[in-house]
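# Residue-level structural notes
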2 protein chains.
Amino acid sequence: MPAFSTLAEFADLLRAAPAADAAAHQAAAARNWQLTKPPGALGRLEDLALWVASWQGTGRPTIKAPQVLIFAGNHGVCAQGVSAFPPEVTVQMVANFQGGGAAINQLSKTFGAAMAVHALDLDRPTADFTQGPAMTEAETISALITGWNAVDATADLLVVGEMGIGNTTVAAAIAAALLGGTGAEWVGRGTGVDNAGLARKARAVDAGLARHRARDPLQVLACLGGREIAAMAGAMARARVLRIPLILDGFIACSAALVLHALVPAALDHAVAGHLSAEGAHGRLLAALGKEPLLSLGLRLGEGSGAGLAIGVVQAAVACHSGMATFAEAGVSDG
Amino acid sequence: MPAFSTLAEFADLLRAAPAADAAAHQAAAARNWQLTKPPGALGRLEDLALWVASWQGTGRPTIKAPQVLIFAGNHGVCAQGVSAFPPEVTVQMVANFQGGGAAINQLSKTFGAAMAVHALDLDRPTADFTQGPAMTEAETISALITGWNAVDATADLLVVGEMGIGNTTVAAAIAAALLGGTGAEWVGRGTGVDNAGLARKARAVDAGLARHRARDPLQVLACLGGREIAAMAGAMARARVLRIPLILDGFIACSAALVLHALVPAALDHAVAGHLSAEGAHGRLLAALGKEPLLSLGLRLGEGSGAGLAIGVVQAAVACHSGMATFAEAGVSDG
């Protein structure tokens, strides 16, 4: 039996999710104060360690089982000429993930993360949202459940990424629907469209906004798509319920996060922003989510790659916090 | 027999150091173009992989043996009340490094780096540079040689860090001597001095600048000190000669790098900036070196910690470059 069978039940589960563990946060903060370094000298690494502590519910956190989940979907809106790559690339890249040849495979291996890829009905693209709703309610629920069930309850850190030719256009449409603004303000070059392609993306988003007036976050998700974005939202929500700390990836991942955030303001309390993508409007999306990115290295690949890279930063933060000696242990004068 | 026995011989070795391998860079760039991602989508990770390739001299680089070297020294200028911590902390922290309890130990372990610490005559601080030259020429040469010899010729990536109560004041003095400006423009809060301490730091730097008129980079190093900064310069120079890629750390490490850069403009061609420190003038120092930092997470600890954190980013970049499938291998359409 699935954890939920309606959109309302999904929203209820998210609303009922437990908060961070304040006692664990306090214990970790007390320890942080005693470590052999000037107070605050590890900067954001200190905040990260306390954040992991509070969500893992321990004053001495560890990262031993990070999980990377990749969801793939295809999009009817590709008919509007919104991508530099043909839709066949989605299924080809899923094979590449399965064969270990993509960037996210190397990043997962580098930082010891378990990676899994879930392809969602690639032979059955969502409907073109300029013509009608991308997904039915049943399809939306099914994709949310796929994401929900994909999370390993024993994971101690989660990255959620995606692959889906056309999905920067979908993400831009979701952002515009939930935050306002025109297509031109939210679309970017994605995998590398030219100026004409960029204009087609903006027009497609504007057409979608004109056609779908719903502003309920889960209705927006259903109307604009796509399956992999719904699955990402489902996985992020499950991590919130399980109190697994989450690293957000780029523009598309953040559009999924935005759906949750618009639905329940505390939905992303367990999340940090892994990086600032080079995809134009990602910074604006992060600002709306109230998240400051850890990295800014010009990535614009998707696949969870920016968040995957940030796993190393979080591991380092936790290793410093849990492994360093205190002033008393090391016999160091504390100033 | 040491590699050099005069400052002039050291400078000659640095001048004669080989350039990066242009053919390896070209081979790596050709491979990068074929990898299963849109061109440029991995942002600075792509540049990093090509940079490592060109210095390792192979189109398929690896990071299997990163080395972290920490040099420690004590400073006569501490008599001017320039630090929030007493000078005894230097030797205490060396024991902490040796016992595995410092931040850099955890970072080295996290990213699989071999770490070694070299304490330079901690019971014999350099002279107070407000009163006279910090080091004799012989002491300077000896410290350069310590750094030079500390580099493992089989390392494939190097981080050079430091510990030395009082050394942000020394670094500020070196920066001011070589780049111009007053003490107030270059000093920062270091381990956490108050406003009165900050003013004392600025006065000490100004007194040092007034006393020592030498502008030859190695004479500046000798006059202002200290031993660990000279050792860092020696290690960085050796890495340049051995073509080992180098990650620069924060303000103090960059003051050592600045000495080399002022001596030989190409001395840091093998280096990237690991991070932007929270120590006030670090950004200005990086700009003078022409380096864009990889990370900016508010660290201000020293110990090579910012560069140590960046090891993970460089490893990830190299792993993507060398491990990803090409479009042809993966059967992915390349747009």
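Now for a description of the structure that goes with this document. (Residues numbered from 1 in each chain as written. Chains lettered and ligands numbered in written order. Predicted model: local features only at pLDDT ≥ 70, side-chain atom pairs only at ≥ 80, totals over all residues. Heavy atoms only, no water.)

### Description of the sheet that holds strand β4 (residues 246-248) of chain B
Residues and elements named next belong to chain B. Put simply, the rule is: Only strands joined by at least two bridges in the DSSP assignment are considered to pair. Numbering of helices and strands starts at the N terminus; helices are DSSP runs of H or I of at least 4 residues and strands are runs of E of at least 2. Angles here are taken between N-to-C directions and fall from 0 to 180 degrees, while the axes themselves are lines fitted to C-alpha atoms, restricted in helices to the stretch in contact. Throughout, a residue-residue contact means that at least one pair of heavy atoms, one from each residue, lies within 4.5 Å.
As summarised here, the arrangement of the 5 strands in space is β2-β1-β3-β4-β5, forming an open sheet in which the pairing is parallel. Whereas interior strands pair on both sides, the edge strands pair on one side only; in this sheet they are β2 (114-119) and β5 (271-273). Going from strand to strand, the sheet's axes swing by 25° on average, the running direction of each strand aside. Looking at chain direction, β4 and β5 are connected through 3 bridges and run parallel. Considered in β5, the bridge of Leu246 is made with Ala271. The strands that helix α6 (residues 137-150) touches are β1 (66-72) and β2; relative to β1, the one it contacts most, it runs at about 160°.

### Some thoughts on the relation of the copies chain A and chain B
Let me state the cut-off plainly: Overlaid copies result from least-squares superposition on C-alpha atoms, with residues included only where pLDDT is at least 70 in both.
Screw-axis analysis of chain A against chain B gives a translation of 0.0 Å along the axis, an RMSD of 0.0 Å, and a rotation angle of 180°. Taken together, the turn and the small shift mark the pair as related by a two-fold rotation axis. Most of the interface of chain A is mirrored in chain B, where 100% of its interface residues are also at the interface.

### Some thoughts on the environment of Trp186 of chain B
All names here are of chain B. Just so we agree on the cut-off: For each residue, the accessible area found with a 1.4 Å probe, counting protein chains only, is set against the maximum for its type, and the residue is called buried under 20%, exposed over 50%, and partly exposed in between.
For Trp186, the position within the fold is in helix α8 (residues 183-186). Since its relative accessible area comes to 1%, Trp186 is described here as buried. In this structure, the C-alpha to C-alpha distance between Trp186 and Ala207, residues 21 residues apart in sequence, is 14 Å. The residues touching Trp186, leaving out its near neighbours within four places in the chain, are Ala172, Ala175, Ala176, Leu179, Gly180, Gly181, Phe251, Ala281, Arg284 and Leu285.

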